Amino acid sequence: MGYEFEWADLPDPAATARDRYEACLDNYLGRCEHAPPCMEHYFNLAEPYQFHLNAAGMGFCRVCMRRTAMTYEAEPHASPKWPFSSIEDWVTADQRRRDAYNKAERAASAQTVPGQIGIPEFKFLSNGPWLVSAREVQQALDRYDAAPSDLRADLESDTTWRDWLEWLRETTNHGGFAVP
């Protein structure tokens, strides 16, 4: 299992390619007839704005974030129940009905726990969909900066951790990130 992270706010033309790819998924169940195919086009354009970790790398980063109080333990609220009777019902449903479901799913993906600081760990325990806001990332980075310098120096001896921190810092200027 791997973890794929992507800036929440992509620059154009990657943002437009993502929108078109998502529309293709919604409307054609992934059977894209565009040239080039939407998925291929989107992933090629979005690659510079993504970060990839395997399960071991994510486990390591999760432990580091916990050690520096960048994350907190919490239980996620359930995602909205699928209100459609079938895939065909989804494809043929009124766009407002699909939009309402997508909005509810996006809200569930962005959930946090009031009064907590940083990023809830559940956003790093599965391939979402989760949204981590720029505010959550900045809170986590502030916590990291406040951690003991000897702990930070020890963690920063690892390339994976340094790369992860650098990528997190980038995401604060791009709306945070998604865990698709």
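Now for a look at the structure at hand.

**Some words on the layout of surface pockets**
Okay, so step 1: Roughly 980 Å³ of volume is contained in the largest pocket.
Okay, so step 2: What lines the largest pocket is a set of 32 residues, and nearest its centre among them are Arg18, Glu22, Glu105, Arg106 and Pro129.
Okay, so step 3: Taken together, the elements giving at least two residues each to the lining of the largest pocket come down to β1 (2-7), α1 (14-28), α2 (38-46), β2 (50-54), α5 (95-109), β5 (130-132) and β6 (177-179).
Okay, so step 4: When residues in the lining of the largest pocket are grouped by element, the largest group, 8 residues, is from α5.
Okay, so step 5: In terms of residue class, the lining of the largest pocket is built from 16 nonpolar, 5 polar and 11 charged.

**Considerations on the packing of helix α3 (residues 55-67) against helix α8 (residues 159-171)**
Think of two packed helices as two axes; the pair is described by the angle between the axes and how far apart they sit.
Okay, so step 1: Here α3 crosses α8 at 70°, and the two axes come no closer than 10 Å. Judged by the angle between their axes, α3 and α8 are roughly perpendicular. On α8, the residues touching Phe60, Cys61, Cys64 and Met65 of α3 are Thr160, Trp161 and Trp164.
Okay, so step 2: When grouped by side-chain class, the residues that make up the contact of α3 with α8 number 6 nonpolar, 1 polar and no charged.

**Brief notes about the packing of aromatic side chains**
Okay, so step 1: All told, the structure shown has 24 aromatic pairs when counted by the stated rule.
Okay, so step 2: An angle of 80° between the planes, with centres 5.3 Å apart, marks the rings of Trp82 and Tyr101 as edge-to-face. Of this pair, Trp82 sits in the loop between β3 (71-72) and α4 (87-92) while Tyr101 sits in helix α5, and the two are 19 residues apart along the sequence.
Okay, so step 3: Through a chain of ring-to-ring contacts, three or more aromatic side chains come together here, namely Tyr3, Phe5, Phe51, Phe124, Trp164, Trp167 and Phe177.
Okay, so step 4: When the ring centre of Trp90 is taken as reference, the NZ or CZ atom of Arg98 above it lies at 5.3 Å.

Rules of the game
Residues numbered from 1 in each chain as written. Predicted model: local features only at pLDDT ≥ 70, side-chain atom pairs only at ≥ 80, totals over all residues. Heavy atoms only, no water. 1 Å grid on protein atoms, 1.4 Å probe; cavity = no way out; pocket = protein on both sides within 12 Å on 5 of 7 lines; lining within 4 Å. Points joined across faces, edges and corners; volume = space filled by probe spheres on them. Helix = DSSP H or I, 4+ residues; strand = E, 2+ residues; numbered from the N terminus. Nonpolar A, V, L, I, M, F, W, Y, C, P; charged D, E, K, R; others polar. Axes fitted to C-alpha atoms, helices over the stretch in contact; angles between N-to-C directions. Parallel < 35°, antiparallel > 145°, perpendicular 65-115°, else oblique. Contact = heavy atoms within 4.5 Å. Phe/Tyr/Trp six-rings, centres within 6.5 Å; stacked < 30°, edge-to-face > 60°. Lys NZ or Arg CZ within 6 Å of the ring centre and 35° of its normal.

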